[in-house]
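Residue strings, one per chain:
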Amino acid sequence: MDKITSNRLVKLAPKIQQFLELHPDEQAWLYPLLGRAERRAIAILEAIQGNYLSYEEIGEQTDTHPNTVKQTLYALSNGGINFRVNSSNKWMTPQGGRNRRLTKMQ
């Protein structure tokens, strides 16, 4: 991932978080309007929702190279999305009480 894409994800992190909080019907019509990097970020966030996963495990689930996963997570983290990272460097977003696609990340 290049620096321009990384900077764009940093700026869009709050909007991506808002997208994940939308009702699935609203997400369905907005999703086609998103760019490739934004779709990848959403897929990565959904993969780690409530699960501790390594870069390689996330990459396998999302068909993304582990380095791209790492760069995406760092960009989103710099943009204000809070993650939990355990001692083995596996990432997770906290899981709330709502439907998985509607989980609010804190």
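Placed above this text is the structure.
Below is a summary of the structure that appears in this document. (Residues numbered from 1 in each chain as written. Predicted model: local features only at pLDDT ≥ 70, side-chain atom pairs only at ≥ 80, totals over all residues. Heavy atoms only, no water.)

**Some remarks on helix α1 (residues 3-21)**
Every α-helical turn comprises 3.6 residues, leaving residues that sit three or four positions apart pointing alike. Note the cut-off: Segments assigned H or I by DSSP are reported as helices when at least four residues long, segments assigned E as strands when at least two residues long, and all are numbered from the N terminus. Expected helix span is taken as 1.5 Å per residue step, with the number of steps being one fewer than the number of residues. In this analysis the local bend is the angle between axes fitted, respectively, to the seven residues ending at and the seven residues starting at the residue. Each residue gets one of three labels from its accessible area relative to the maximum for its type: buried under 20%, exposed over 50%, partly exposed in between, using a 1.4 Å probe on protein chains only. Any two residues having at least one pair of non-hydrogen atoms within 4.5 Å are treated as being in contact.
Taking 1.5 Å per residue as the helical rise, α1 with its 19 residues ought to reach 27 Å, and the 27 Å between its terminal C-alpha atoms agrees with that figure. The largest bend in α1 is about 55 degrees, located at leucine 12, with the proline proline 14 one to four residues further on. Those residues of α1 that sit buried are Thr5, Ser6, Leu9, Ala13, Ile16, Gln17, Phe19 and Leu20. Looking at the buried side of α1, the elements it contacts are α2 (24-30), α3 (36-47) and α5 (66-78).

**Points about the environment of asparagine 67**
Position of asparagine 67 among the secondary structure elements: in helix α5. Judged by relative accessible area, which is 46%, asparagine 67 ranks as partly exposed. Measuring from C-alpha to C-alpha, the distance between asparagine 67 and methionine 1 comes to 8.4 Å, with 66 residues separating the pair along the chain.

**Considering the nonpolar core**
We count it as follows: We call a set of buried residues a nonpolar core when its members are Ala, Val, Leu, Ile, Met, Phe, Trp, Tyr or Cys and they connect through side-chain atoms within 4.5 Å of each other.
Core analysis: the largest hydrophobic core is formed by 20 residues, its most contacted members being Ile16, Leu45, Ile48, Ile58, Leu73, Leu76 and Phe83. Elements that contribute at least two residues to this core include exactly α1, α3, α4 (55-62) and α5. Sorting elements by how many residues they give to this core places α1 first, with five residues. If near-sequence neighbours (up to four positions away) are discounted, leucine 76 is found in contact with Leu9, Ala13, Ile16, Ala41, Leu45, Ile81 and Phe83.

**Here we look at unusual backbone geometry**
Backbone geometry at aspartate 63 places phi at a positive 55 degrees, although glycine is not the residue there. When you line up the elements, aspartate 63 lands in the loop between α4 and α5.

**With respect to the packing of α4 against α5**
Packed helices, taken two at a time, are described by the angle between their axes plus the distance between the axes. Note the following rule: Lines fitted to C-alpha atoms define the axes here, with helix axes fitted over just the stretch in contact, and angles between the N-to-C directions of these axes take values from 0 to 180 degrees. Angular relationships are summarised with four words: roughly parallel below 35 degrees, roughly antiparallel beyond 145, roughly perpendicular across 65 to 115, and oblique for the angles in between. Ten residues, namely Ala, Val, Leu, Ile, Met, Phe, Trp, Tyr, Cys and Pro, are considered nonpolar, four, namely Asp, Glu, Lys and Arg, are considered charged, and the remaining ones, Gly among them, are considered polar.
As a packed pair, α4 and α5 sit with axes 8 Å apart at the nearest point and diverge in direction by 105 degrees. The orientation of α4 relative to α5 falls into the category roughly perpendicular. Of the residues in α5, those in contact with Tyr55, Glu56, Ile58 and Gly59 of α4 are Pro66, Val69, Lys70, Leu73 and Tyr74. Broken down by class, the residue content of the contact of α4 with α5 amounts to six nonpolar, one polar and two charged.

**Digging into α5**
Formally: Taking the helix axis as origin, the arc is that swept by the directions to the C-beta atoms.
For α5, spanning 13 residues, the distance from its first C-alpha to its last is 18 Å, which sits close to the expected 18 Å at 1.5 Å a residue. Among the residues making up α5, those that are buried are Thr68, Val69, Thr72, Leu73, Ala75 and Leu76. The arc that holds every buried residue of α5, seen down its axis, measures 160 degrees, which confines them to one face. Close packing links the buried residues of α5 with α1, α3, α4 and β2 (91-92). One or two steps after α5, the chain reaches glycine 80, where phi turns positive at roughly 115 degrees.

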